[in-house]
Every structure is written in C-alpha cells, then in structure tokens.
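Listed below are the residues making up each chain.
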Amino acid sequence: MSYMRTTLLTVFSSLFLLSLLASPVFAEEKSFYSPVIHVDKESHRIMISTFGSVFWIDVPDAAKPHIEKLPISGLADFVVEMRGDGQAPLLKTWKVKSGETSCTYFDGKTCR
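Calculation criteria
- Residues numbered from 1 in each chain as written.
- Predicted model: local features only at pLDDT ≥ 70, side-chain atom pairs only at ≥ 80, totals over all residues.
- Heavy atoms only, no water.
- Phe/Tyr/Trp six-rings, centres within 6.5 Å; stacked < 30°, edge-to-face > 60°.
- Helix = DSSP H or I, 4+ residues; strand = E, 2+ residues; numbered from the N terminus.
- Buried < 20%, exposed > 50% of the residue type's maximum accessible area, 1.4 Å probe, protein only.
- Lys NZ or Arg CZ within 6 Å of the ring centre and 35° of its normal.
- Disulfide = S-S within 2.5 Å.
- Polar contact = N/O pair within 3.5 Å; in protein donor to acceptor, adjacent residues only side chain to side chain.
- Core = buried A, V, L, I, M, F, W, Y, C linked by side-chain atoms within 4.5 Å.
- Contact = heavy atoms within 4.5 Å.

**Q** Residue-level account of the packing of aromatic side chains, with values.
**A** Under the definition given, this model contains two aromatic pairs. Pairing Phe-32 with Phe-55 gives two aromatic rings, centres 5.2 Å apart and planes at 70°, and the pair type is edge-to-face. One end of the pair, Phe-32, is in strand S1 (residues 28-40); the other, Phe-55, is in strand S3 (residues 53-58), with 23 residues separating them in the sequence. Classification of Phe-32 by relative accessible area gives buried; the value is 9%. Directly above the ring of Trp-56 sits Arg-45, whose terminal nitrogen or CZ lies 3.9 Å from the centroid.

**Q** Run through the state of the cysteines, naming residues and quoting values.
**A** A full pass over the atoms with the stated rule returns one disulfide. Here Cys-103 is linked by a disulfide to Cys-111, with a sulfur-sulfur distance of 1.5 Å. Handedness of the Cys-103-Cys-111 disulfide follows from its S-S torsion of about -105°: it is left-handed. Owing to a relative accessible area of 0%, Cys-103 belongs among the buried residues under this scheme.

**Q** Talk me through the side chain of Asp-40; I want residue IDs and the actual numbers.
**A** Here Asp-40 shows up in strand S1. Classification of Asp-40 as buried rests on a relative accessible area of 12%. Of the polar contacts made by the side chain of Asp-40, one reaches the backbone nitrogen of Glu-42; its length is 3.2 Å. A polar side-chain atom of Asp-40 sits 3.2 Å from the main-chain amide nitrogen of Ser-43.

**Q** Got a sec to walk through the nonpolar core? Specific residues and values, please.
**A** Ranked by size, the top nonpolar core spans 19 residues in total, and within it Ile-46, Ile-48, Ile-57, Leu-70, Phe-78, Leu-91 and Trp-94 carry the most contacts. When residues of this core are traced back to their parent elements, those giving at least two are S1, strand S2 (45-50), S3, strand S4 (75-82) and strand S5 (90-96). Not counting residues within four places of it along the chain, the set of residues in contact with Phe-78 comprises Lys-30, Ser-31, Phe-32, Ser-34, Val-36, Ile-46, Ile-48, Ile-57, Leu-70, Leu-91, Thr-93 and Trp-94.

**Q** Lay out unusual backbone geometry in plain terms, naming residues and giving numbers.
**A** Positive phi values are uncommon outside glycine, yet His-44 reaches one of about 55°. Given the relative accessible area of 27%, His-44 is considered partly exposed. At Phe-51, a position not held by glycine, the phi torsion is positive, near 50°. Judged by relative accessible area, Phe-51 falls into the exposed class, the value being 82%.

Below you can see the structure in the form of structure tokens.
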C-alpha cells in the first residue's frame, strides 16, 4: 500500500512540476520614476535611468507620434511591461512630473 502511495505522489508531483514549466509566463509591469535622458525618434525608444543603471524603453506604435513631446531631463513616471529574452521593456504609460511638454500624460493610446 505504501508503494502505491509513493508512486501516486511521485506522479502527481511530476505532473504539477510539468504544468509549471508549460504554463506561459505573464509579463510583469513595473514603474520607473526617471529623468528622460534621450529620445531616439528613428528607433522609437526612450533612454531612462534608475537605480544607477541606464536602459532603453521600446515604444509601441500608438506612442511613436508623441515621444518627441517628452522633455529631455524632465522627470516622468514610466509604466512598462517587462519582457524576457533580453528585450527592452515596452512602454505602457507615462506621466511627466517636471519639464515643459504638451503631453503630460500618455495612457497607452492618446496623449493629454
């Protein structure tokens, strides 16, 4: 009887571990409060700095016409989707906290 219990426990544990490996990884959202260091209009990305590191944020199609409105050196709160496989984070929203701009809030679709 204990052999049967051990076998069932092993089978169920293995199935559980396999289901964890097979399940899709969901993208994580993060918020970064950072100065705008550089806006690359040709590559459609924004360079920011936080916690002593500098990195790029990729910009979705909806934000491409508006990235030139971000004030260089202005502070903004960027919400991004963290992507795996060495890809840069993808911009979801921004709120400009300091600096002159005609677009203080980008909600993922429109600029206000």
